[in-house]
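Listed below, chain by chain, are the residues.
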Amino acid sequence: MAVSFAILLLQIICVMYVGGEKLGSQMEDDLKTAPLQVLVVHKQGLDSNSSKCTGALVRNDVIITSALCISQLSKNPNELLVLNGLVPNQTYSYNTTITEIIPHPIASNAYSADNNIALVHLNKTFSSKPISLPVNTPEENTKCTAYSYREKSPVEIDVDVSCVHQCQRAYNASTPRYDVNIKTMLCVNDTKKRNVICEEDVGASLVCGNHLSGLAIYTQECKNSSMTSVYVSITPYVKWIDSTIKNSWPTNSSTSKNSSTANSMSSLSVIIGTIISFSISKLLAK
């Protein structure tokens, strides 16, 4: 029994180190819980307590996140790392570097949801299925799912789209005051107040009907339960997103090559692990 466990452990370690960079166990758990989400971290901060931005895959090699958040992590794309868990129950997570960051051309700021989005091109592809962009803006009282990273592991929260005008009045009167544009933002409310959205959730996704409807921008819901959470609405930016991806990063052989290389390394790790475990079994049998 002990021998079998040792062999299995050896295989897992081999896969983790040959197929991808070894990450902290908490970070791995985070990624497995929300496989369609990504985390952007500084290369010097690979642990669950470090600053990070969340986002979502909109193409296998392109993510969308908060422009303000990612600019605060680092102005240099080479210093950042993007993490993604492929599927639930996977024992390791893939990571990749960034080739380019393109924020929306109209600058945003910390007190506005307007244009606070950025597209990020990855050095290699992820195997997780990208999320679809929305066709329409979700109406008031639409049932959606929000992701929160306030706890040690991300959770899915059932939320309702709130009245934009009420949200606007509330944040205009708040301290500090936040500008809320009813044309380019959404407000959502966790009516049960079990897992509210907090400041740590910047860039986290709002998913309505299997479409990426929003990215978390700011919230006072943790401090004041009567407040709603503010998201930049993706619908007004769909044309910009599509044209930017098409014109800046057309699908090419380089991306395919990187993906093929990653898959080959993963397969190689499994083969090496199997050979090693088989050899150990033979030696022990003698």
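Refer to the preceding data block for the structure.
Definitions and cut-offs
- Residues numbered from 1 in each chain as written.
- Predicted model: local features only at pLDDT ≥ 70, side-chain atom pairs only at ≥ 80, totals over all residues.
- Heavy atoms only, no water.
- Disulfide = S-S within 2.5 Å.
- Helix = DSSP H or I, 4+ residues; strand = E, 2+ residues; numbered from the N terminus.
- Buried < 20%, exposed > 50% of the residue type's maximum accessible area, 1.4 Å probe, protein only.
- Contact = heavy atoms within 4.5 Å.
- Polar contact = N/O pair within 3.5 Å; in protein donor to acceptor, adjacent residues only side chain to side chain.

### Description of the state of the cysteines
Cysteine pairs can be linked by a disulfide, which is a covalent bond between their two sulfur atoms. Summed over all chains, the structure comprises 3 disulfides. Covalently, cysteine 53 is tied to cysteine 69 through a disulfide, its sulfur atoms 2.0 Å apart. One disulfide, between cysteine 53 and cysteine 69, carries an S-S torsion of -100 degrees and so falls in the left-handed class. Taken together, the positions of cysteine 53 in strand β2 (residues 52-59) and cysteine 69 in helix α3 (residues 67-73) put the pair 16 residues apart, joining distant regions of the chain. Between the sulfur of cysteine 167 and that of cysteine 187 lies a disulfide, 1.9 Å long from S to S. Taking the torsion about the sulfur-sulfur bond, which here is approximately -65 degrees, the covalent link between cysteine 167 and cysteine 187 counts as left-handed. With cysteine 167 in helix α4 (residues 164-172) and cysteine 187 in strand β9 (residues 185-189), this pair connects stretches of sequence that are 20 residues apart. Overall, cysteine 167 belongs to the buried group, its relative accessible area being 4%.

### Quick notes on the environment of threonine 65
With respect to the helices, strands and loops of the structure, threonine 65 is situated in strand β3 (residues 62-65). In this structure threonine 65 comes out as buried when scored by relative accessible area, which is 0%. In this structure, the C-alpha to C-alpha distance between threonine 65 and leucine 119, residues 54 residues apart in sequence, is 6.7 Å. Not counting chain neighbours up to four residues away, the residues in contact with threonine 65 comprise Cys53, Thr54, Gly55, Ile70, Asn116, Ile117, Ala118, Val120, Gly203 and Leu215. Within the structure, threonine 65 has its side chain in polar contact with the backbone oxygen of threonine 54 (distance 2.7 Å).

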